[in-house]
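Coordinates in review
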Amino acid sequence: ARGISDESDKRSVALLNISAELAKQGHVEKAASSMHEALACARGLSDEYDKSSVLRDISAELAKQGHVEEAASSMQEALACARGISSEYWKSSELSDISAELAKQGHVEEAEAIGTEIPQIAMRHSCWKANAAAAHKKDSWKVALSGMHTYKNEEARLFYLKGWSENVAIKDVTVECLAAALPLISTDSESIEALLQKYALQETLLGRTKPALQQRLNRSLNTQWAIDIAAHFSKEETNARLSTNLDTWLHEIADEDDRDDIKSWAEKVKNGKMTEEKFSEKVKSMN
């Protein structure tokens, strides 16, 4: 790595990756030494975008290694470089990435402030949506949703909530989730529809919805395709020889002793002493 040309960001990136791997292996002092070399190389880069990008990555790795003050210092250096980028597109890109990394590190207010500096509107909005997506990966839907309260800027809150609605998992969109989220997105029809689509899919595909509600959801949200899928798998399950539908196929087994064995296995599945997969294997072995 030390032999790579100083003019390229590849040298500092290579040293950064070496530091990260050394830290994983528990070589704390060697990791710190490699990190300092990476930092020195990054500071010598002439291209403002490359310099900012590497310093941001260094900050992220320093934060992972627990060097909070050094991480903050490197991020400030990265920010200063990003502000000096002449291209509006690349400046927007780098400021967006810095904002996202600060949000991951828990510096939400600073992340929001930097987000407002992004010159390209579309990228600014994507930045706040990405922060919501990162919150979903880190915490529960409830914690991620409450994260919008840390944003003071109305535009930031709006697009954070859009990102939250787009990234919340279908399995999480329960009645409780709707009750918490809908009042916050009541003025944003796109987010409301995205959330209700997920609710409708969960209710339909899990088969918990009464037919009347299912049809109402279909009329509003066009979920007929999900209804068709649910019906298809329901039919497949009915035709399959499962421990839960013995009454539909057990009579096809001619031998009485075999039927008794199957009933015994089904009871084990019910009591958690046998898996459905094992039950299916044993039934097939009879054939």
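Residues numbered from 1 in each chain as written. Predicted model: local features only at pLDDT ≥ 70, side-chain atom pairs only at ≥ 80, totals over all residues. Heavy atoms only, no water.

1. Section: the packing of aromatic side chains
What characterises a pair of aromatic rings is the spacing of the ring centres plus the angle enclosed by the ring planes. This structure, assessed with the given rule, holds three aromatic pairs. Taken together, a centroid distance of 4.9 Å and an interplanar angle of 85° make the contact between Y89 and W90 edge-to-face. Owing to a relative accessible area of 41%, Y89 belongs among the partly exposed residues under this scheme. Taking relative accessible area as the criterion, W90 reaches 41% and is therefore assigned partly exposed. For the ring pair Y151 and Y160, a centre distance of 5.1 Å and an interplane angle of 35° mean the geometry is tilted. Pairwise contacts between aromatic rings join Y49, Y89 and W90 into one cluster. (Phe/Tyr/Trp six-rings, centres within 6.5 Å; stacked < 30°, edge-to-face > 60°. Buried < 20%, exposed > 50% of the residue type's maximum accessible area, 1.4 Å probe, protein only.)

2. With respect to the confidence of the model for the protein
Low pLDDT means the predicted coordinates in that region are not meant to be read closely. Residues of the protein with pLDDT of at least 70 account for 86%, and the chain-wide mean is 86. The lowest-confidence element of the protein is helix α13 (residues 224-239), averaging 52 in pLDDT; the highest-confidence one is helix α4 (residues 68-83), averaging 95. (pLDDT = per-residue confidence, 0-100. Helix = DSSP H or I, 4+ residues; strand = E, 2+ residues; numbered from the N terminus.)

3. Re the side chain of R11
Within the element layout of this structure, R11 appears in helix α1 (residues 10-24). Taking the relative accessible area as the measure of exposure, R11 reaches 17% and is therefore buried. Reaching out from R11, the side chain makes a polar contact with the backbone oxygen of R2 at a distance of 3.4 Å. (Polar contact = N/O pair within 3.5 Å; in protein donor to acceptor, adjacent residues only side chain to side chain.)

4. Digging into the nonpolar core
L55, I58, L95, I98, L102 and I114 are the most contacted members of the largest nonpolar core, which totals 28 residues. Those elements that place two or more of their residues in this core are α1, α2 (28-43), α3 (48-64), α4, α5 (88-104), α6 (108-115) and α7 (121-138). When residues in this core are grouped by element, the largest group, six residues, is from α4. If we skip the residues at most four places from it in the chain, I114 touches L79, L95, I98, S99 and L102. Residues A132, Y151, Y160 and C177 belong to the second largest nonpolar core, which totals 21 residues. (Core = buried A, V, L, I, M, F, W, Y, C linked by side-chain atoms within 4.5 Å. Contact = heavy atoms within 4.5 Å.)

5. Details of a negative patch on the surface
On the surface, a cluster of negative charge is contributed by D255, E256, D257, D260 and D261. With relative accessibility at 53%, the residue D257 sits in the exposed group. (Patch = residues over 30% accessible without salt bridge, like charges linked within 9 Å, V, L, I, M, F, W, Y side chains within 5 Å. Areas by Shrake-Rupley, 256 points an atom, 1.4 Å probe, with all protein chains shown as cover. Salt bridge = Lys/Arg side-chain N within 4 Å of Asp/Glu carboxyl O. Lys, Arg positive; Asp, Glu negative; His and termini not counted. Charge placed at Lys NZ, Arg CZ, Asp CG, Glu CD.)

6. Some remarks on the pattern of salt bridges
One pass over the full model with this rule turns up 12 salt bridges. Where E117 meets R83, a salt bridge forms, and the shortest distance between an N and an O atom there is 2.6 Å. A residue pair is termed long-range when its members are at least 10 positions apart, and E117 in the loop between α6 and α7 and R83 in helix α4 qualify at 34 residues. Taking relative accessible area as the criterion, E117 reaches 32% and is therefore assigned partly exposed. Between K129 and E166 there is a salt bridge, with its nearest N and O atoms 3.1 Å apart. Here E166 lies in helix α9 (residues 154-167) and K129 lies in helix α7, a separation of 37 residues in the sequence. On the basis of relative accessible area, E166 is assigned to the partly exposed category, the value being 44%. Taken together, the shared-partner salt bridges connect R56, D57, E94 and D97 into one network.

7. Concerning the packing of α3 against α5
Packed helix pairs are specified by the crossing angle of their axes together with the interaxial distance, meaning the distance between the axes. Contact geometry for α3 and α5: axes closest at 11 Å, N-to-C directions at 5°. Judged by the inter-axis angle, α3 sits roughly parallel to α5. Within the contact between the two elements, α3 uses Y49, S52, S53, R56 and A60 and α5 uses W90, S93, E94, D97, I98 and E101. For the contact of α3 with α5, the per-class residue count stands at four nonpolar, three polar and four charged. (Axes fitted to C-alpha atoms, helices over the stretch in contact; angles between N-to-C directions. Parallel < 35°, antiparallel > 145°, perpendicular 65-115°, else oblique. Nonpolar A, V, L, I, M, F, W, Y, C, P; charged D, E, K, R; others polar.)

8. Some remarks on the packing of α3 against α4
One can describe the packing of α3 onto α4 by two numbers: an axis separation of 8 Å at closest approach and a directional angle of 165°. In terms of orientation, α3 and α4 fall into the roughly antiparallel class. Our pair here, α3 against α4, has a crossing hand that is left-handed. Counting all contacts with α3, which are made through E48, K51, S52, L55, R56, I58, S59, L62 and A63, the residues of α4 involved are E70, A71, S74, M75, E77, A78, C81 and A82. Residue composition of the contact of α3 with α4, by class: nine nonpolar, three polar and five charged. (Left-handed = near helix turned anticlockwise from the far one by under 90°.)

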